[in-house]
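# Working through the structure, step by step
Take a look at the letters that make up each chain.
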Amino acid sequence: MVMYLCVGLLCTVLIVFLKLMFVCNRVASAPGKVLMTGGYLVLERPNAGLVLSTNARFYAIVKPFYDDEKANCWAWSVYYQATVKFSCFSRCWAGGILDAFSRSWMDVKLTAPQLSRETIDARNPFVEQALQYVIATAYARADKDKKDSLEKLLKQGLDITIMGANEFYSYRDQLEARGLPLAPESLAALPPFLSITFNADNSNVTNCKPEVAKTGLGSSAAMTTAVVAALLHYLGIVNLSGVNSAHHKETRSNKDLDLVHMLAQTSHCMAQGKVGSGFDVSCAVYGSQRYIRFSPEVLSSAQIAGIGSLLQEVIIDVIDGKWNHEITKFSLPPRMTLVLGEPGSGGSSTPSMVGAVKKWQKSEPEKSLYTWTKLSEANVLLEKQLNKLSELAEQKHEAYESIIDRCSMQKSEKWLEHAIGPSEQAVVEALLAARNAMLDIRSHMRHMGEAAGVPIEPDTQTRLLDATLDTEGVLLAGIPGAGGFDAVFAITLGDSTSKVAESLSLHNVLALPVREDPHGVCLEDGDPRLQDITVGVSSATIN
């Protein structure tokens, strides 16, 4: 009895110790995304995109670099652009933010534990931009007392760790090396936050592949959002304590989240060197949504700022600008599940594909406008049918549940035969209309890719999607976002998800353990790497 009590006490002490080790940490996470509709169109207002946030999350951990203040190490340059330097050694960057005039430094350490080798460019521009804009915002908004507190905090330096869920990257090689089948259970069984896989040939212009083998969930947007949120909360600029994954409030009017959104969009765009649509960052902040982009002019002051510009004035101008993006709550109708399949092609580089499509638009304005218009009409129709299905699920609940169960066990051509009564028939008609709209979307996207000379829906993906659609219980299948060789998606009915995973495996495609999770950025209780440790310790017993 005494031994059990002692062990229990030791376990409790160990758990408390582990938590106290990270008491000064600020851990934020942001979700990956799947753009169901709006590929390319979402770049231009007023076209909308339907984007789903997922349970795959990117984490940023911020803590002091030193236990105490380091003398003469900090002075913030008020001029644009503060220099952030990282010297690379293995998986860790160390450096600082340099004041252009006093030559003083704030020490910064950036750790990316998933990097198994150095990247082509050791710097991380997304973290650099996030640091600059967050600290500039802190100084621009702080009064004298708060500036003193801020400087004391910054004199301790910053220790930042970034890591993404395995689902952001391709780990097929690891599964094959371990002799595991291509199944979501196999991927879920791998240790979390594995080293990242790199494409063997990152200069493949034809396939538009990035250096890192990704699945297309928007890792850079999720990472940037998580870093911005963690820094803002750590520095006391926002309070995200009420926003966590267990209890995510309706946050589309939350001022703190709006600030996270503006700074994350600014940092992400400046790091990329262009102003994109921003749907990926918006999804990372707010979760699943219907999105219409902001006017690019809101970031013009950041784009044109040069040496000598006051960074605080630049960011205040951005924050006070007219952010006219439109966000409407959206999620999949009940009893529908998002499924992602990774074909193992290493992903695609969205910027190069977007550039090719824009070039085609300029060279053939009339033909591209026609395709653009037809694609927009199909997107609107799919959105209309999905919203109608959500309404039917609420208004005709029993009929909806019954027919979804039956359709989940049948191929689409049999669905109408199993509808009993007008209510069930209305559900099936909406299902089939949504399915046909998605087929039209795919057709227009293929035509766009052929005209622009880029693989928006490559032949291999077409065969895979057609085979997936021919599986029982599959409503939709497509390539999210800009298309290419990223993971494909399917929307399944009822309990048919396992059948789809098996079907994908037969085609040498790995079904990812990714589902829609409508929650956006949130504050975490602690380092996600410690979760398994504390759970294991708390459940320890003596035989």
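The coordinates are above.
Described in the following lines is the structure provided in the data block. On a predicted model such as this, the values are computed, not experimentally measured, just so you know.

## Focus on the overall build of the protein chain
Helix and strand content of the protein chain: 17 helices and 15 strands. Looking at the protein chain residue by residue over its 543 residues, the buried ones come to 56%. Of all intrachain contacts in the protein chain linking residues separated by at least 6 positions in sequence, the fraction that spans at least 24 positions is 77%. Here the protein chain has roughly 23400 Å² of accessible surface; of this, 52% comes from carbon and sulfur atoms.

## A closer look at the pattern of salt bridges
For the structure shown, the criterion picks out twelve salt bridges. A salt bridge links Lys 367 to Glu 364; its shortest N-O distance comes to 3.6 Å. The salt bridge partner of Glu 457 is Arg 442, with a shortest N-O separation of 3.1 Å. Here Glu 457, found in the loop between α14 (421-452) and α15 (459-469), pairs with Arg 442, found in helix α14; they are 15 residues apart in sequence, far enough to count as distant.

## A word on the packing of aromatic side chains
On inspection of all chains with the given rule, the structure shows five aromatic pairs. Note on Phe 58 and Phe 168: the rings are 5.5 Å apart at their centroids and 65° apart in plane angle, and the pair reads as edge-to-face. Placement of Phe 58 in strand β2 (residues 48-64) and of Phe 168 in the loop between β7 (158-164) and α4 (172-177) is noted, with a sequence separation of 110 residues between them. Considered together, Phe 58 and Phe 168 belong to a single accessibility category, that of buried residues. Through a chain of ring-to-ring contacts, the aromatic side chains of Phe 58, Phe 168 and Tyr 169 assemble into a single cluster. It is Arg 293 that lies over the ring of Phe 294; its NZ or CZ is 5.1 Å from the centre.

## Here we look at the environment of Glu 44
Residue placement: Glu 44 occurs in the loop between β1 (26-37) and β2. Sequence separation between Glu 44 and Ser 295 is 251 residues, and the spatial gap between their C-alpha atoms is 8.7 Å. Once residues within four sequence positions are removed from consideration, Glu 44 is found in contact with Arg 293, Gln 361 and Trp 372.

## Here we look at the sheet that holds strand β13 (residues 488-493)
Taken together, the four strands give an open sheet; going across it, the order is β12-β13-β11-β14, and neighbouring strands pair in antiparallel fashion. Across the chains shown, the open sheet's two edge strands, defined by having one partner strand only, are β12 (474-478) and β14 (510-512). Across the sheet, the mean angle from the axis of one strand to that of its neighbour is 30°, orientation sign disregarded. Bridge analysis of strand β11 (residues 336-342) against β14 gives three bridges, and the strand direction is antiparallel. From the neighbouring strand, Gly 341 faces β14, where its bridge partner is Ala 511. Sitting on the sheet, α14 touches β11, β12 and β13, and the angle it makes with β12 is about 15°.

## Things to note about the side chain of Ser 408
Take Ser 408: it is sitting in the loop between α13 (397-407) and α14. There is a polar contact of 2.6 Å between the side chain of Ser 408 and the backbone oxygen of Asp 405.

## Side note on the nonpolar core
A general feature of soluble globular proteins is that nonpolar side chains tend to end up buried together. Of all hydrophobic cores here, the largest spans 138 residues; its most connected members are Tyr 40, Ile 160 and Leu 431. When sequence neighbours within four positions are dropped, the list of residues in contact with Tyr 40 reads Met 353, Val 354, Val 357, Trp 372, Met 445, Met 448, Ile 456 and Ala 482. Grouped together as the second largest cluster of nonpolar side chains are 14 residues, Val 339, Val 488, Ala 490 and Ala 501 included.

## What to know about α13
Because each turn of an α-helix spans 3.6 residues, side chains separated by three or four positions end up pointing in the same direction. Along α13, the positions that sit buried rather than exposed are Ala 399, Tyr 400, Ile 403, Ile 404 and Cys 407. Projected down its long axis, α13 carries its buried residues within an arc of 125°, all on one side. If you follow the buried residues of α13, they end up packed against β11, α12 (365-395), α14 and β13.

## Some words on the packing of helix α11 (residues 350-363) against α12
Running from N to C, α11 and α12 point in directions that differ by 120°, and their axes come no closer than 5 Å. When the interaxial angle is binned, α11 and α12 end up oblique. Contacts from Val 357, Trp 360, Gln 361, Lys 362 and Ser 363 of α11 reach α12 at Pro 365, Lys 367, Ser 368, Thr 371 and Trp 372. Among the residues making up the contact of α11 with α12, the classes are represented as four nonpolar, four polar and two charged.

## Observations regarding helix α6 (residues 219-234)
Here α6 contains 16 residues, and its C-alpha end-to-end distance of 22 Å stays within 8% of the 22 Å for a straight helix at 1.5 Å per residue. Along α6, 16 of the 16 residues are buried, which leaves the element largely enclosed by surrounding structure. One or two steps after α6, the chain reaches Gly 236, where phi turns positive at roughly 80°.

## A word on unusual backbone geometry
Note: most peptide bonds trans; most residues except glycine with negative phi. Put simply, Arg 45 and Pro 46 share a cis peptide bond, and its omega is 0°. Among the structural elements, Pro 46 can be located in the loop between β1 and β2. Of note in this structure, Tyr 40 is not a glycine but carries a positive phi near 70°. Inspection of the secondary structure puts Tyr 40 in the loop between β1 and β2. According to the relative accessible area criterion, Tyr 40 is buried, its value standing at 4%. Non-glycine residue Phe 193 carries a positive phi angle of around 60°. Tracing the backbone through its elements, the reader meets Phe 193 in the loop between α5 (184-189) and α6.

## As for the pairing of β7
Of all seven residues in β7, seven are buried; the element is thus mostly enclosed. The two faces of β7 match: Leu 158, Ile 160, Ile 162 and Gly 164 on one face and Asp 159, Thr 161 and Met 163 on the other face are all buried. Of the strand pairs in this sheet, β2 and β7 are connected by seven bridges, and their pairing is antiparallel. Among the inter-strand pairings, Lys 63 is bridged to a residue of β7, identified as Asp 159.

## Here we look at the packing of α12 against α14
Where α12 meets α14, the axes come as close as 8 Å, and the angle between the chain directions of the two elements is 155°. Classed by the angle they form, the pair α12 and α14 counts as roughly antiparallel. The interaxial crossing formed by α12 with α14 has left-handed handedness. Its residues placed into classes, the contact of α12 with α14 shows 18 nonpolar, five polar and three charged.

## Some remarks on the environment of Arg 406
Inspection of the secondary structure assignment puts Arg 406 in helix α13. Every residue in contact with Arg 406, bar those within four places of it in the chain, is listed here: His 418, Ala 419, Ile 420 and Glu 424.

The rules behind these values
Residues numbered from 1 in each chain as written. Predicted model: local features only at pLDDT ≥ 70, side-chain atom pairs only at ≥ 80, totals over all residues. Heavy atoms only, no water. Helix = DSSP H or I, 4+ residues; strand = E, 2+ residues; numbered from the N terminus. Buried < 20%, exposed > 50% of the residue type's maximum accessible area, 1.4 Å probe, protein only. Contact = heavy atoms within 4.5 Å. Areas by Shrake-Rupley, 256 points an atom, 1.4 Å probe, with all protein chains shown as cover. Salt bridge = Lys/Arg side-chain N within 4 Å of Asp/Glu carboxyl O. Phe/Tyr/Trp six-rings, centres within 6.5 Å; stacked < 30°, edge-to-face > 60°. Lys NZ or Arg CZ within 6 Å of the ring centre and 35° of its normal. Pairing = 2+ DSSP bridges. Axes fitted to C-alpha atoms, helices over the stretch in contact; angles between N-to-C directions. Polar contact = N/O pair within 3.5 Å; in protein donor to acceptor, adjacent residues only side chain to side chain. Core = buried A, V, L, I, M, F, W, Y, C linked by side-chain atoms within 4.5 Å. Arc of directions from axis to C-beta. Parallel < 35°, antiparallel > 145°, perpendicular 65-115°, else oblique. Nonpolar A, V, L, I, M, F, W, Y, C, P; charged D, E, K, R; others polar. Expected span 1.5 Å × (residues − 1). Left-handed = near helix turned anticlockwise from the far one by under 90°.

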